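Residues per chain are reported as follows:
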Amino acid sequence: LWAHQLDALRDDLDRFVASGRPVIGICNGFQALTRLGLLPGALAPNASGRFVCRWVWLQRPENARSPLLAGIDWIALPVAHGEGRFVAGPGGVAELSRRGLIGLTYCGADGSALGGADDPNGSDGAIAALTNDAGNVLGLMPHPERCVGPGQAPAGRDDGAGLAIFRNAVALARG
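Model, not experiment: these values are computed from the prediction.

Visitor: Help me out: how do you make sense of the pairing of strand β3 (residues 52-59) in this one?
Guide: Side chains on a regular strand alternate between the two faces of the sheet. Pairing of β3 with strand β4 (residues 74-81), which is carried by eight bridges, proceeds in the antiparallel orientation. Along β4, the bridge assignment pairs Gln59 with Trp74. Sheet topology note: the β3/strand β6 (residues 102-107) ladder contains three bridges and is antiparallel. When the sheet's bridge partners are listed, Trp57 is paired in β6 with Cys107.

Visitor: Honestly, the environment of His81 in this entry has me stumped. Any pointers?
Guide: Note that His81 resides in strand β4. Through-space distance from the C-alpha of His81 to that of Arg54 is 9.6 Å; in sequence the pair is 27 residues apart. If near-sequence neighbours (up to four positions away) are discounted, His81 is found in contact with Cys27, Asn46, Arg50, Phe51, Val52, Tyr106, Asn121 and Met141.

Visitor: Explanation requested: the sheet that holds β4 in the structure shown.
Guide: Through backbone hydrogen bonds, the strands of a sheet pair up, either in parallel or in antiparallel fashion. Strand order across the open sheet formed by six strands is β1-β8-β7-β6-β3-β4, with mixed pairing between neighbours. The open sheet has two edge strands, β1 (23-26) and β4, and neither has a second partner. Strand-to-strand, the axes of this sheet are offset by a mean angle of 25 degrees, without reference to chain direction. Contacts from helix α3 (residues 28-35) reach β1, β7 (127-131) and β8 (137-140) within the one sheet, and its direction differs from that of β1 by about 120 degrees.

Visitor: Hey, could you run me through the nonpolar core in this one?
Guide: For soluble globular proteins, the rule of thumb is that nonpolar side chains tend to be buried together. Ranked by internal contacts, the top residues of the largest apolar core, which has 47 residues, are Leu58, Phe86, Leu96, Tyr106 and Leu130. The element contributing the most residues to this core is β3, with five residues. Look past the residues within four positions of Leu130 in its chain and what remains in contact with it is Phe30, Leu39, Pro40, Phe86, Leu96, Leu101, Ile102, Gly103, Val137, Leu138 and Gly139.

Visitor: It is not clear to me how helix α5 (residues 163-174) should be interpreted in this structure. Could you clarify?
Guide: One turn of an α-helix holds 3.6 residues; hence residues three or four places apart share an orientation. With twelve residues, α5 extends 17 Å from end C-alpha to end C-alpha; this agrees with the ideal 16 Å at 1.5 Å per step. Restricting attention to buried positions, one finds in α5 the residues Ile165, Asn168 and Ala169. For α5, the buried positions fall inside an angular range of 105 degrees around the axis, keeping them on one side. Exposed residues lying more than 90 degrees from the buried face of α5 are Arg167 and Arg174. Contact partners of the buried residues in α5: β1 and β8. Looking one or two places after α5, you find Gly175, whose phi comes out positive at around 80 degrees.

Criteria and cut-off values
Residues numbered from 1 in each chain as written. Predicted model: local features only at pLDDT ≥ 70, side-chain atom pairs only at ≥ 80, totals over all residues. Heavy atoms only, no water. Pairing = 2+ DSSP bridges. Helix = DSSP H or I, 4+ residues; strand = E, 2+ residues; numbered from the N terminus. Contact = heavy atoms within 4.5 Å. Axes fitted to C-alpha atoms, helices over the stretch in contact; angles between N-to-C directions. Core = buried A, V, L, I, M, F, W, Y, C linked by side-chain atoms within 4.5 Å. Buried < 20%, exposed > 50% of the residue type's maximum accessible area, 1.4 Å probe, protein only. Expected span 1.5 Å × (residues − 1). Arc of directions from axis to C-beta.

Worth remembering: the numbers are spatial, not functional.
Here's what the structure looks like:
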């Protein structure tokens, strides 16, 4: 529904994105960005058919080139969604990877590939975040806004780790 409402502002939104200013869509915002066509693919119900609410580990692929993810190689953030399974669509994960559009992927606590209980939703390629070709649009299912201050992260995870994404957005907006 939100994507349909945003579509009424499409010309302004396209100009904003083309200007290089940052756009971040978190959770349902990521869904809106894919439905508007600002990011490729789509979000579908979790493979388990269940709502997932827990902390996950994420890593940034080496060729991810978004300035919104600068300085982030490995991070823990919470997820809370029932429709967070990314479906790559035409060209698949290989094309997204070749273009450097995969911003973050789900991983194990040691940075290893996903397995069993580590996978929160069954996303193609374990994709948790995508960017556009310019890198100024970021869609992600995890919630960085839920890890911006002291005491928000469980033991073994960095307090305030999500704040880096917002600091990067401010830096990008300032030019």
